[in-house]
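So you can see what is in the structure, the chains are spelled out below.
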Amino acid sequence: MKRPAADKHIGGNSRLLDLHRTMLLVRAAETALSKLFADGEIPGFIHLSLGQEAVAAGVCSALAAGDTMATTHRGHGHVIARGIDLDGFFKELMGREGGQCKGRSGSMHVADMNLGILGANGIVGASVPLALGSALAHQTRQTGHVAVAFFGDGAMAEGALYEALNMAALWSLPLVSVCENNGWSEFSPTARQFKGRLVDLAGAFGIRHILADGNDAEVTAEAAQEAVDHARAAGPVVLECITTRWRGHFEGDPQKYRDADEMATMAAGDPIGRSRARLAEIGIAASHLDMMAAEAEALVTGCVDASRADPLPDFDATLADVYTPLGAH
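Residues numbered from 1 in each chain as written. Predicted model: local features only at pLDDT ≥ 70, side-chain atom pairs only at ≥ 80, totals over all residues. Heavy atoms only, no water.

> Looking at this model, I keep getting lost on the environment of Q52. Mind explaining?
Structurally, Q52 can be placed in the loop between α1 (14–38) and α2 (53–61). Given the relative accessible area of 2%, Q52 is considered buried. Once residues lying within four places of it in the same chain are set aside, the contact partners of Q52 are R74, E180, N182, T243, T244 and R245. (Helix = DSSP H or I, 4+ residues; strand = E, 2+ residues; numbered from the N terminus. Buried < 20%, exposed > 50% of the residue type's maximum accessible area, 1.4 Å probe, protein only. Contact = heavy atoms within 4.5 Å.)

In structure tokens form, the structure reads like this:
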């Protein structure tokens, strides 16, 4: 399933359209995943990033081929924005043989080394030390690339983050630590478990901190480009994106801990709605924007249909790539 081509013919507006298209694809994919999970077609748990699409689109727009990234349990948007094959992505999450990891990873462990996607995991804050190691590899090999670590604001209370920032600062590593600050640490407001501020935490290690409106794709993209350029030239940087998590910690979470008024109004900051309004202001026709949305939905539908037709993994291959065969050298 091929993604729609970029709008190169629209001149200076092509970047905004590309950001919008990426967000539409993330939204369409996760909306479909929500239904698939409810219907029992997705094994395990899934954690959706609906409402946070601008962070994924903006940050990944600043990355070059060869850059690497480690994502989180809420990382569908990151890997889609990075350009993962959507057909293989859906097959992976639906536990099919044709997935990037042959149906073994599920939602929380999707990886594609061809795109520098180091994978995700279910440990809060674990993406940062993983990306730190990749940043060290870039520096050692003198690749000129950067490593990006996505993490949520719940990870600000994790010691692994402090250790990684310290090492990155000591060795001037090309590490971009991207905090998706949605105000929640799983089921609790982050303010209940972390007293400080990320800007002060970064400052304690002499690391530059950049703050961005994570519900504005254009603003996030500009901030991400600044952060990536800084990391390539001068070492570690922290990019904090203030955003909104529309759904619960996991899909099916009733969110009884959230204020009803907040939930009723949070869609007002919809990053896709804001992007669409901006594009309309600069003269992009509503029909063109509607076509883009329809293309994203059609692509996702095709991938879901292909995944349903794909075979399940062979049980006899369960231990493949786990143990070395006897006699192998």
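So, next bit.
> What am I meant to see in the pairing of strand β7 (residues 208–213) here?
Here is the key point about a regular strand: its side chains alternate between the two faces of the sheet. Here β7 runs beside strand β8 (residues 237–242); their pairing, made up of six bridges, is parallel. For A212, the partnering residue across the bridge sits in β8 and is C241. For the crossover that starts at β7, traverses helix α8 (residues 217–234) and ends in the parallel β8, the hand is right-handed. (Pairing = 2+ DSSP bridges. Right-handed = clockwise from strand over helix to strand, strands pointing away.)

> Any chance you could explain the pattern of salt bridges here in plain terms?
A side chain with one charge may pair with a side chain of the opposite charge, provided their charged atoms come close. Counted under the stated rule, the structure contains 16 salt bridges. For the salt bridge of E226 with R208, the shortest nitrogen-to-oxygen distance reads 2.1 Å. Residue E226 is located in helix α8, and its partner R208 is located in strand β7; the two are separated by 18 residues in the primary sequence. Look at E226 and you get partly exposed, because its relative accessible area is 36%. Using a relative accessible area of 33% as the deciding quantity, one classes R208 as partly exposed. Of the charged contacts, one joins R276 and D290 as a salt bridge, the two residues approaching to 2.8 Å between their closest N and O atoms. (Salt bridge = Lys/Arg side-chain N within 4 Å of Asp/Glu carboxyl O.)

> Looking at this structure, how should I read the nonpolar core?
Burial of nonpolar side chains together is a common tendency in soluble globular proteins. Ranked by internal contacts, the top residues of the largest apolar core, which has 64 residues, are F90 and L239. The element contributing the most residues to this core is α1, with 13 residues. (Core = buried A, V, L, I, M, F, W, Y, C linked by side-chain atoms within 4.5 Å.)

> Teacher, can you tell me more about α1 here?
Since the α-helix turns once every 3.6 residues, residues separated by three or four places project in the same direction. With 25 residues, α1 extends 36 Å between its outermost C-alpha atoms, agreeing within 8% with the 36 Å of an ideal straight helix rising 1.5 Å per residue. A large share of α1 lies buried, amounting to 19 of its 25 residues. Looking one or two places after α1, you find G40, whose phi comes out positive at around 80°. (Expected span 1.5 Å × (residues − 1).)

> Can you help me understand the sheet that holds β8 in this one?
Strand-to-strand pairing in sheets goes through backbone hydrogen bonds, with the strands running parallel or antiparallel. The parallel open sheet is built from six strands, whose spatial order is β2-β1-β3-β4-β8-β7. The open sheet has two free edges, formed respectively by β2 (117–119) and β7, since each of these has just one partner strand. Direction aside, the axes of adjacent strands within the sheet are offset by 20° on average. Each of β1 (68–70), β3 (147–152), β4 (175–181) and β8 is contacted by α2, which is oriented at about 165° to β3, the strand it contacts most. (Axes fitted to C-alpha atoms, helices over the stretch in contact; angles between N-to-C directions.)

> Which parts of the structure should I look at to understand the environment of D112?
Mapped onto the secondary structure, D112 falls in the loop between α4 (86–93) and β2. Considering only alpha carbons, one finds D112 and T265, 153 residues apart in sequence, at a separation of 36 Å. Those residues in contact with D112, other than ones at most four positions away along the chain, are I84, Q100 and I117.

> Is there a simple way to think about unusual backbone geometry in this case?
Negative phi characterises most residues that are not glycine, and trans characterises most peptide bonds. The backbone of Q142 shows a phi angle near 55°, a positive value even though the residue is not glycine. In this structure, Q142 sits in the loop between α5 (127–141) and β3. Residue classification places Q142 among the exposed positions, given a relative accessible area of 70%. In this model, S172 sits at a positive phi of 50°, which is unusual for a non-glycine residue. The residue S172 is located in the loop between α6 (159–171) and β4 in this model.

> Please clarify how the state of the cysteines should be interpreted in this entry.
Such a bond, covalent and formed between the sulfur atoms of two cysteines, is termed a disulfide. Following the criterion strictly, the structure yields zero disulfides and no others. Cysteine C241 shares no disulfide, and the gap to the nearest cysteine sulfur, in C179, comes to 8.0 Å. When its relative accessible area of 0% is taken as the criterion, C241 is described as buried. Summary of cysteine pairing: C303 is not part of a disulfide, and the nearest cysteine sulfur, belonging to C101, is at 16 Å. For C303, a relative accessible area of 0% gives the class buried. (Disulfide = S-S within 2.5 Å.)

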